[in-house]
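# Descriptive structure summary
As a plain string of letters, each chain reads:
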Amino acid sequence: MKALVCEAYGPIDTLVVKDIPSPVPGPKQVLIEVKAAAVNFPDALMVQGLYQVKPPLPFTPGAEIAGIVTAVGAEAKHFKPGDRVIALTSTGGFAEECLADVHRVMPLPKTMDFDSGAALVLTYCTSLHALKDCGHLQPGETLVVLGAAGGVGISAIEIGKAMGARVIAAASSEDKLDLCRKVGADETVNYSTENLKDRINELTAGKGADVVYDPVGGPYTEPAVRALAWRGRLLIIGFAAGEIPKIPLNLALLKERSLVGVYWGDSTKHDPGGHLANLHQLNDWFAAGKIRPVVSERFSLAAAGDAIAKIANRQVKGKIVVNPTA
Ligand SMILES: NC(=O)c1ccc[n+]([C@@H]2O[C@H](COP(=O)([O-])OP(=O)(O)OC[C@H]3O[C@@H](n4cnc5c(N)ncnc54)[C@H](OP(=O)(O)O)[C@@H]3O)[C@@H](O)[C@H]2O)c1
């Protein structure tokens, strides 16, 4: 089968598409013909050796897929060849076939296409876990989403609205903010041209935001923390800007603000029941039309490296997917 392969950690343009042996499922695994594999920011970090997880080389990146089961292991009784599924794989997704552990495979809802299925789980589960379990976002509260037109950002806007919050989307261009408004943002801030702290204070009549969802870091975090209300919460999702900010802790003390770390992947191991409940909630919201992954571009397997470069270069709106067997 053909797969995108990282042979050595380094620049994204060193990734190659080549023939490698088809994988064989272990007892608790299924083999999936990959119809769609979503691109996530950690893919770009991982192939450069910059992510907290460093898979043994060589490896194929690609953390979430949707496709059709083609073979099942002896103990993988819940699935059979022909089933349409979504799977979280951590690696291996940018390939014609991919193995998945059965406990990370779920049926693709009947009304969902493969691209949406691949683009749903990682970002929407991260945002629901962040906003509900870590941020305790309440109806009527004000949520500010940074990097709001990116993968996790769009999901945070939609989930924030589904939870009854007023959502202020912040991003770096008018084009990106247009998309944020289309998916439901009530207000927007262009943080390349406007002062983030002043604008949030203006939009909240001086009170500040109740929750800030921050997948970006860099120069944006501190002004956003300074614009948090009394007992506001900063949700630390990631550092797409490349720099991990250092926040003066008096900013937390002065208004009893909380700085809350979010690590969705590990949270599913600590609280599998909570994760399952969140998946059901997302399924219900999808069925009700309240959440809808925005797939802005599709790539062939041959161009999968370009797709990863695009997310690393801040050029993606919503989600992009690779279609290895299209
Ligand atoms: N904690 C968790 O459990 C968890 C789970 C999933 C993802 N994450 C993290 O969340 C972050 C975002 O992931 P994503 O998949 O949503 O990525 P994404 O689609 O690329 O969105 C990230 C956004 O960050 C902004 N950004 C600012 N400076 C940037 C730069 N120098 N390079 C790239 N982007 C920059 C961009 O928006 P503007 O141009 O509008 O600024 C971009 O849209 C990543 O750090 C990822 O590792 C964390």
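Residues numbered from 1 in each chain as written. Predicted model: local features only at pLDDT ≥ 70, side-chain atom pairs only at ≥ 80, totals over all residues. Heavy atoms only, no water.

### Observations regarding the site of the ligand
The condition that has to hold: Near residues are defined by distance, with any heavy atom within 4 Å of the molecule or strand qualifying the residue. Identification of polar contacts relies on pairs of N or O atoms within 3.5 Å, with a donor-acceptor requirement for protein atoms, meaning one able to donate a hydrogen and the other able to accept it, and with residues adjacent in sequence counted only if both atoms are side-chain atoms. Here the open area of atoms and residues is found with the Shrake-Rupley method and a 1.4 Å probe, where only the protein chains shown may cover a residue. Helix and strand labels come from DSSP, where a helix needs a run of H or I of at least four residues and a strand needs a run of E of at least two; each type is numbered from the N terminus. Polarity classes work like this: nonpolar for Ala, Val, Leu, Ile, Met, Phe, Trp, Tyr, Cys and Pro, charged for Asp, Glu, Lys and Arg, and polar for all others, with Gly in that last group.
Near the ligand you find 25 residues, and of these Ser172, Lys176, Tyr191, Val262 and Arg314 are the closest. A distance of 2.7 Å separates an oxygen atom of the ligand from a polar atom in the side chain of Lys176. Taking Arg314, its side chain carries an N or O atom lying 2.7 Å from an oxygen atom of the ligand. Against a free-state accessible area of 910 Å², the protein chains account for coverage of 90% of the ligand. Only helix H1 (41-47), helix H2 (114-134), helix H3 (151-162) and helix H10 (304-312) provide two or more residues apiece to the shell around the ligand. Of the residues in the shell around the ligand, the class split is 17 nonpolar, 6 polar and 2 charged.

### Considerations on the domain arrangement of the protein
Using the following cut-off: Throughout the structure description, domain borders are defined by an automatic or database domain assignment. When checking whether two residues touch, look at their non-hydrogen atoms; a contact exists if any pair is within 4.5 Å. We define buried area as the total accessible area lost by two parts upon association, computed with a 1.4 Å probe and summed across both. By definition, a salt bridge exists where a carboxyl oxygen of Asp or Glu is found within 4 Å of a side-chain nitrogen of Lys or Arg.
Looking at the protein, the domain boundaries give domain 1 (2-108 + 295-323) and domain 2 (122-265). Relative placement of domain 1 and domain 2: their C-alpha centres are 29 Å apart. Taken together, the 11 residues of domain 1 in the interface contact 15 residues of domain 2. Regarding the contact of domain 1 and domain 2, the summed buried area is about 1000 Å², with carbon and sulfur atoms giving 56% of it. Together, Arg314, Lys317 and Gly318 form the three largest contributors to the area buried by domain 1 at its contact with domain 2, with a combined 47%. For the pair domain 1 and domain 2, the interface holds 1 salt bridge. With a shortest N-O distance of 3.1 Å, Asp175 and Lys317 are connected by a salt bridge. Summed over the shared surface of domain 1 and domain 2, the result is 7 residue pairs in polar contact (both at pLDDT 80 or more). Taken together, the residues of the side of domain 1 that touches domain 2 sort by class into 4 nonpolar, 3 polar and 4 charged.

### Quick word on the packing of aromatic side chains
Counted only if it meets this: Two rings from Phe, Tyr or Trp (for Trp, the six-membered ring) form a pair when their centres sit within 6.5 Å of each other. Planes less than 30 degrees apart are called stacked, planes more than 60 degrees apart edge-to-face, and all others tilted. Burial status follows relative accessibility: with a 1.4 Å probe on protein chains alone, a residue under 20% of its type maximum counts as buried, one over 50% as exposed, and anything between as partly exposed. Counting as a charge over the ring demands two things of the Lys NZ or Arg CZ atom: a distance within 6 Å of the ring centre and an angle within 35 degrees of the ring normal.
This model, assessed by the stated rule, comprises 2 aromatic pairs. Taking 6.2 Å as the distance between ring centres and 50° as the angle between the ring planes, the aromatic pair formed by Tyr9 and Phe59 counts as tilted. Taken together, the residues span a long stretch of sequence, with Tyr9 in the loop between strand E1 (2-5) and strand E2 (16-19) and Phe59 in the loop between H1 and strand E4 (64-72) at a distance of 50 residues. Taking 3.9 Å as the distance between ring centres and 25° as the angle between the ring planes, the aromatic pair formed by Tyr191 and Tyr220 counts as stacked. One end of the pair, Tyr191, is in the loop between strand E10 (187-190) and helix H5 (196-203); the other, Tyr220, is in the loop between strand E11 (209-214) and helix H6 (221-226), with 29 residues separating them in the sequence. Each of the two residues, Tyr191 as well as Tyr220, counts as buried. The ring of Phe114 is capped by Arg84, whose NZ or CZ atom sits 5.1 Å from the centre of that ring.

### With respect to H10
This is how it is decided: Relevant arc is that of directions from the helix axis to the C-beta atoms, nothing else.
Where H10 is concerned, the buried positions are Ala304, Gly305, Ala307, Ile308 and Ile311. What you see down the axis of H10 is that its buried residues fit within an arc of 160°, all on one side. In this fold, the buried residues of H10 make contact with E1, H1, strand E14 (295-300) and strand E15 (319-323). Positive backbone phi, approximately 70°, marks Arg314, located one or two places after H10.

### Some details on the sheet that holds strand E13 (residues 258-261)
Note the cut-off: A pair of strands is considered paired only if DSSP assigns at least 2 bridges between the two. To obtain each axis, a line is fitted to C-alpha atoms, and for helices this fit is confined to the stretch in contact; angles are then taken between N-to-C directions over 0 to 180 degrees.
With respect to topology, 6 strands assemble into an open sheet ordered E10-E9-E8-E11-E12-E13, the strand pairing being parallel. Of all the strands in the sheet, just E10 and E13 have a single pairing partner and so form its edges. In this sheet, neighbouring strand axes are inclined to one another by 20° on average, regardless of whether the strands run parallel or antiparallel. By the bridge criterion, 4 bridges tie strand E12 (residues 228-236) to E13 in an arrangement that is parallel. Residue pairing across strands places Leu234 opposite Leu259, the latter belonging to E13. Along the sheet, H3 contacts strand E8 (142-145), strand E9 (166-171) and E11; its crossing angle with E8, the most-contacted strand, is approximately 170°.

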